[in-house]
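Structural characterization, general
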Amino acid sequence: MDNPPEPPPLRWGILGCGRIAKKFTTSLAALPGSPLPLCASNSPGKAAAFAEEFGLPHSYDSYEALLANPDVDAIYIASTHNFHHQAVLASLEAGKHVLCEKPMAVTVEQTRDMIEKARSRDLFLMEALWTRFLPALVELRRWLQEQRIGNLQKIYACFGFQGDPNPEGRLFNPDLAGGALYDVGIYPLSIIRMIQSRVKLDKLSSEIEWSEQGVDQQSRVTLQFSDGVKAEAFCSLIREEVNELVIEGDQGQIRIPPWFHAASGLELSQGSHSERLDFGYNGPDSFKHQIRHVHGCIAEGLLESPIMPLDESLEMARWIEQALNEARPFSS
């Protein structure tokens, strides 16, 4: 079967010129016909250096100047978490479609503000959880729809690594909305939500180990759903973990091996039968699947993604807020 045609490209603007913006720019360049983005930073000289590194046509020393450009169709929010709310609202107010890096916001109220603003302005908005658009995750959804492992019973997902302990850095600084749940915990929680999107959550409980700075440095969230499925999400900024996803059913198991958030393949076990699909390494242009999806949604006139809908972003904000506010002390 021939590959579907590329959807019409957009002229992107990027707010924030850090590491994640570099990956977005590299991925955008991998899509045929996509013009290079414009970029902006509120840090003097940072946008100019970014534009020079990637050969971008123009840079701006303020977000406001980029948002005022009428030729920009969509904005990618690549700033630290604490600025997402302000940046998204400003972008929507300027009449731009928005793809916002995860987490979309750091409170339920902020997330709801963004969604209401996008809907009132008839503009596209999506949280950038790029994992959902990888070929391996597309295949995972197909396997689950086909009930390849029967009725689901358990889900386990974890993401842990040894982060930079600098208390002023992004990971551990509460002023920058640091912490394990916001930075990496959203990956296992989002996968669980994707799998159980049509099922009512009955109970959520959490255990947290707090850092000296007051952010969660490792967390465990357990979830009980109305269909009997039990799920656990673990995340850590202070220790390396297996970083896998395991889904158990009454007729088998699906596993995405490390690192599941950048899934390159998946494994199926059914008694004596096993199957593995390998889609290859997801390199520096791995955001291209997500960007292509956004191009397609906007070309079709959609205001949100059917794969990463806004109600799921709101639910993620609720889960994380509840996990942070009601946590018990962490037990190893």
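Our subject is the structure listed above.
Counting starts from 1 at the beginning of each chain's written sequence and moves along it residue by residue. Per-residue local features of the predicted model are confined to residues with pLDDT of at least 70, and side-chain atom pairs are confined, for both listing and counting, to 80 or more; whole-chain, interface and lining totals are unaffected and use all residues. To obtain the side-chain values, all non-hydrogen atoms of the structure were used and water was disregarded.

Below, the discussion takes up the sheet that holds strand β10 (residues 230-236). The nine strands are arranged β14-β13-β12-β11-β7-β10-β9-β8-β15 in an open sheet whose pairing can be described as mixed. Only two strands of the sheet have a single partner each, and these edge strands are β14 (273-278) and β15 (328-329). Between any two strands, at least two bridges found by DSSP are needed for them to pair. A run of H or I in DSSP counts as a helix once it spans at least four residues, and a run of E counts as a strand once it spans at least two, with each numbered from the N terminus. With nine bridges connecting them, strand β8 (residues 201-210) and strand β9 (residues 216-225) associate as antiparallel partners. The partner of S205 across the bridge, within β9, is T222. Lying over the sheet, helix α7 (residues 180-195) contacts β7 (152-160), β8, β9, β10 and β11 (245-249), oriented at roughly 160° with respect to β10. Contacts are residue-level and defined by heavy atoms, with any inter-residue pair within 4.5 Å sufficient. Axes here refer to lines fitted to C-alpha atoms; in helices the fit is confined to the stretch in contact. Angles between the N-to-C directions go from 0 to 180 degrees.

The next point concerns the side chain of S41. Position of S41 among the secondary structure elements: in the loop between β2 (38-40) and α2 (46-54). Think of it in three bands: residues with accessible area under 20% of the maximum for their type are buried, residues over 50% are exposed, and the middle band is partly exposed, with areas taken using a 1.4 Å probe on protein chains only. Taking the relative accessible area as the measure of exposure, S41 reaches 4% and is therefore buried. Of note is the side chain of S41, whose polar atom sits 3.0 Å from the backbone nitrogen of S43. Setting aside residues no more than four positions away along its own chain, S41 makes contact with C17, K46, A47, Y60, D61, S62 and Y63. In protein, a polar contact means a hydrogen-donor-capable atom and an acceptor-capable atom, both N or O and within 3.5 Å, with residues adjacent in sequence counting only if both atoms are side-chain atoms; elsewhere, any N or O pair within 3.5 Å suffices.

Attention now moves to the sheet that holds strand β6 (residues 125-128). The six strands lie next to each other as β3-β2-β1-β4-β5-β6, forming an open sheet whose pairing is parallel. Of all strands in the sheet, those with a lone pairing partner are β3 (59-60) and β6, marking the two edges. Direction of pairing for strand β1 (residues 12-15) relative to strand β4 (residues 74-77): parallel, over a ladder of four bridges. Following the sheet pairing, G13 is matched in β4 by I75. Contacting β1, β5 (97-101) and β6, helix α8 (residues 288-299) runs over the sheet at an angle of about 170° to β6.

Remember, this is a structural readout, not a statement about activity or role.
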